[in-house]
Amino acid sequence: MRLFFSLIFFLALAACVSPDQVQPAVSQFNGDSVNIQVDGTSVEFMSPEDRQKVFDKADNEAARICNKGHKKRAEYTSTRNVPTGQYTYAVERLYLCLQ
């Protein structure tokens, strides 16, 4: 029962997150591709418009990283969910750095 109430509280708290509070983070970069992660637990409960704003921020971060040094553009290719805990995960978006 305690787990149920904890989960309800956590979900209610996650629903209060705005797109401005979710920051994309580079998880991997090798010159030819870049992986950008955002907090999936927060994004899951956002409206489609707010979710798109978060993914647009991830797109911009990927473009910034790909543009450094090699002057390449970022092209989105895929998404995967990476578990970060028992009830949490990160959304990892893969971008190719193309000329």
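Refer to the structure above for everything that follows.
Values in this document were obtained by computation on a predicted structure and should not be read as measured data.

With that settled, the discussion passes to the packing of aromatic side chains. Here the distance between the centres and the angle between the planes together describe a pair of aromatic rings. Per the stated rule, a full pass over the model turns up one aromatic pair. Centroid distance Tyr 76 to Tyr 95: 5.8 Å. Interplanar angle 65°. Geometry classified as edge-to-face. Of this pair, Tyr 76 sits in strand S3 (residues 73-83) while Tyr 95 sits in strand S4 (residues 89-98), and the two are 19 residues apart along the sequence. Relative accessible area serves as the criterion here: at 38%, Tyr 76 is assigned to the partly exposed category. Note on Tyr 95: relative accessible area 2%, which makes it buried. Arg 93 extends its terminal NZ or CZ atom over the ring of Phe 55, reaching a point 4.5 Å from the ring centre.

Right, let's get into the pairing of strand S2 (residues 33-39). Counting buried positions over the seven residues of S2 gives five, a clear majority of the element. The pairing of strand S1 (residues 25-29) with S2 spans four bridges and is classified as antiparallel. Its bridge partner lying in S2, Ala 25 is registered against Gln 37. Looking at chain direction, S2 and S4 are connected through seven bridges and run antiparallel. Following the sheet pairing, Val 34 is matched in S4 by Tyr 95.

Criteria and cut-off values
- Within each chain, residues carry numbers counting from 1 in the order of the written sequence.
- Given that the model is predicted, a residue must reach a pLDDT of at least 70 before its local features are reported, and side-chain atom pairs must reach 80 or more before they are shown or counted; all residues, however, enter totals for whole chains, interfaces and linings.
- Working from all heavy atoms in the structure, the side-chain values ignore hydrogens and water.
- Aromatic contacts are taken between Phe, Tyr and Trp rings whose centres are within 6.5 Å, Trp giving its six-membered ring; a plane angle under 30 degrees counts as stacked, one over 60 as edge-to-face, and the others as tilted.
- Strands are runs of DSSP state E lasting at least 2 residues, helices are runs of H or I lasting at least 4, and numbering of each runs from the N terminus.
- To sort residues, take the accessible area from a 1.4 Å probe on protein chains only and compare it with the maximum for the residue type: under 20% means buried, over 50% means exposed, and anything in between is partly exposed.
- Two thresholds decide whether a charge sits over a ring: the Lys NZ or Arg CZ must be within 6 Å of the ring centre and within 35 degrees of the ring normal.
- Note on pairing: two strands pair once DSSP finds at least 2 bridges between them.

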